[in-house]
Amino acid sequence: MKLNIKNTLIENLPADDNLENSRRQVTEAVFSYVNPKKTKAPKVIHTSHEMADLLGISEKETQSTLFKNVFTGNKIYPNTKPYAMCYGGHQFGNWAGQLGDGRAINLFEIDHQNKNWKVQLKGAGETPYSRTADGLAVLRSSIREYLCAEAMFHLRVPTTRSLSLSLTGDEVLRDVLYDGNPAYEKGAIVSRVSPSFLRFGNFEIFAARNDKKNLKILTDYTIKHHFPQLGEPSKETYIQFFKEVTKRTLKMIIHWQRVGFVHGVMNTDNMSILGLTIDYGPYGWLEGFDFGWTPNTTDVQNKRYRYGNQPNIGLWNLYKLANALYPIIEEAEPLENILNQYKVNFEKKSFKMMKSKLGLFSEEDNDLDFVQNLEDCLQLAETDMTIFFRLLSNFTDEKSGLEIIKKAIYNFEDVSDEVIDKWDFWFLHYKTRLQFEFTTDSKRKKKMNKVNPKYVLRNYMAQLAIDAADKGDFTLIDELYKLLKKPYKEQPKHEKWFAKRPEWARHKVGCSMLSCSS
Ligand code: AMP
Ligand code: MG
């Protein structure tokens, strides 16, 4: 396995000169050198060959002992120096001070096919940023991150990627429900890949410490390596950089809304500067369409990170980034204009996205009301978002009513006549509205099926894979991985995954309720 190693980040950004792996406040540095922990009995249980290929690693090489040892942190690849990054963040609305890579260790950068990738291990042991925790990760959360990142990529949602999923052979103590019942679980490591793992929090930490010098160094590096089209650093470039981050963040969130993904912990330390979905923790997928839903039990009181609030939180987080960049821009107005534009763009793009899910591409006067009426209908009786939109593409003049989407409604027998009337009314309107599209049913269906996935990683599906893996059976991980590579395609032999959440999963821990414990 010969990797084309590059080290742009550690060679160009300030390192912490303390080489001890002790927990501490790290100032005037973007990262600290730290080595992963050796594990007892490493075992790779799944590899994304597609991602490996993008790094120049062949299928055969992924089966080697070297691959296993490098991607579980048991061997340092020649000429590389692993490191953990320093960042801060606003958690649940409050400034939390220094956080940092508490259990992520960056191994190296690989240049392949004119692309630069950062490779990182999650769960490979403590770092100077581990605070009170152990730097480790358990199997369940690792399976969830591993599968979901790849699934999101194939859904065309901007995201970090997964390379491999491994067991460490070590045991990790976790109190899943935070109720004083800790238990040992299997330790695991995900190796994940991204052009950059920089977060809003990397910029915020320097601003919070009045370290303008390093804030500028980091921003200049980010522009040079990730936004080179913006040109030489200057105040104007910094403004354009912020504008670009704003655009990408909004784009990512619109995609989340389109596929019904709820991140669950949109703290500013979990916001990628490249607008990629990062840090898959207590995320979840909408089953019943519900703007108020959050999978994160740590957030049930305020539901700050609920589905319908994600666009607003994106904006809130961008305000924090704007504040962090202010010291090197020293002008508030251009930043405010960009933030105001986010609101306008959000309304426009979200409306357009919802219309595309309905197969509506032309503009008609009452479209806004029409889409809002649908959102209301979807919340009258529990209606599965994924199934609803997928089945809706079967609409024709002959098959034109509630009947075609019946399968999407949970407990259809209990739905009241009043609700059925409302749906009938909406469908009547839909029929008339479609006449203004001037296209054929089959063409519309094709277009709709490109924005409405048939298969997503439903919370219970991930849980089934976890339960099996816990008993040593990894076949379901592979089945779901393969299924989710083609989320928009009909896959008749996988039809069983095109189904509503089973009742047993409604209130089950890991399915509808997830904590930050991972
Ligand atoms: P999260 O909410 O998972 O994004 O994590 C917030 C912060 O806690 C980050 O700085 C993480 O690195 C850190 N963290 C989470 N879990 C652990 C752990 N098991 N050990 C060390 N640090 C952790
Ligand atoms: Mg995080």
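The text that follows walks through the structure, step by step, so that each part is easy to find. Computed from a predicted structure; not experimentally measured.

### Remarks on the layout of surface pockets
Over the atoms, a rolling probe the size of a water molecule traces out where space has been left empty. Here the largest pocket defines a volume of roughly 970 Å³. What lines the largest pocket is a set of 40 residues, among which Gln-91, Arg-103, Arg-131, Cys-516 and Ser-518 lie closest to the centre. Those elements that provide at least two residues to the lining of the largest pocket are helix 5 (139-154) and strand 10 (183-194). Taken together, the residues of the lining of the largest pocket break down into 15 nonpolar, 13 polar and 12 charged. Both of domain 1 (5-197) and domain 2 (201-356) provide at least three residues apiece to the lining of the largest pocket.

### Looking at the coordination of the magnesium ion (ligand 2)
All of the protein donors around the magnesium ion (ligand 2) are Asn-270 (OD1) and Asp-279 (OD); their distances to the metal are 2.0 to 2.2 Å. Its relative accessible area of 13% is what places Asp-279 among the buried residues.

### Examining the nonpolar core
Here is a general trend for soluble globular proteins: nonpolar side chains tend to be buried in one another's company. Ranked by size, the top nonpolar core spans 154 residues in total, and within it Trp-423 and Tyr-430 carry the most contacts. In terms of residue count, helix 8 (residues 235-259) provides more of this core than any other element does, 11 residues in total. Sequence-distant contacts of Trp-423, defined by excluding residues within four places in its chain, comprise Leu-374, Cys-377, Leu-378, Thr-383, Phe-388, Leu-402 and Ile-409.

### Digging into the packing of helix 7 (residues 212-226) against helix 8
Two quantities define a packed helix pair, namely the angle between the helix axes and the distance between the axes. It is at 11 Å that the axes of helix 7 and helix 8 come closest, and there the two elements cross at 65°. Remark: the crossing between helix 7 and helix 8 carries left-handed chirality. Mapping the contact onto sequence places Lys-216, Thr-219, Asp-220, Thr-222, Ile-223 and His-226 in helix 7 and Thr-237, Tyr-238, Phe-241 and Arg-248 in helix 8. For the contact of helix 7 with helix 8, the per-class residue count stands at 3 nonpolar, 4 polar and 3 charged.

Here is what the cut-offs are and how they apply
- Each chain carries its own residue numbering, running from 1 in the written order of its sequence.
- A letter from A marks each chain and a number from 1 marks each ligand, given out in the order of writing.
- Given that the model is predicted, a residue must reach a pLDDT of at least 70 before its local features are reported, and side-chain atom pairs must reach 80 or more before they are shown or counted; all residues, however, enter totals for whole chains, interfaces and linings.
- The side-chain values count all of the structure's non-hydrogen atoms but skip hydrogen atoms and water molecules.
- Only protein atoms enter the 1 Å grid used here. Points where a 1.4 Å probe fits but cannot escape make up a cavity, open sets with protein on both sides within 12 Å along at least five of seven lines make up a pocket, and a residue lines them when an atom lies within 4 Å of a point.
- Grid points are joined across faces, edges and corners, and a volume is the space filled by probe spheres set on the points.
- In this text, helices come from DSSP runs of H or I with a minimum length of four residues, and strands from runs of E with a minimum of two, each type numbered from the N-terminal end.
- Under this grouping Gly is polar, as are all residues other than the nonpolar Ala, Val, Leu, Ile, Met, Phe, Trp, Tyr, Cys and Pro and the charged Asp, Glu, Lys and Arg.
- Delimitation of the domains relies on an automatic or database domain assignment.
- Note that water is not among the atoms considered, so a metal site may appear incomplete; the donors listed are N, O and S atoms within 2.8 Å of the metal, with 3.2 Å applied to Na, K and Ca.
- We call a residue buried when its accessible area falls under 20% of the maximum for its residue type, exposed when it is over 50%, and partly exposed in between, using a 1.4 Å probe and counting protein chains only.
- Residues enter a nonpolar core if they are buried and are Ala, Val, Leu, Ile, Met, Phe, Trp, Tyr or Cys, with the set joined through side-chain atoms within 4.5 Å.
- In what follows, residue pairs with any heavy atoms lying within 4.5 Å of each other are defined as contacts.
- Helix axes are fitted only over the stretch in contact, all axes being lines through C-alpha atoms; the angle between N-to-C directions runs from 0 to 180 degrees.
- A clockwise turn of the near helix away from the far one marks a right-handed crossing, whereas an anticlockwise turn of less than a right angle marks a left-handed crossing.

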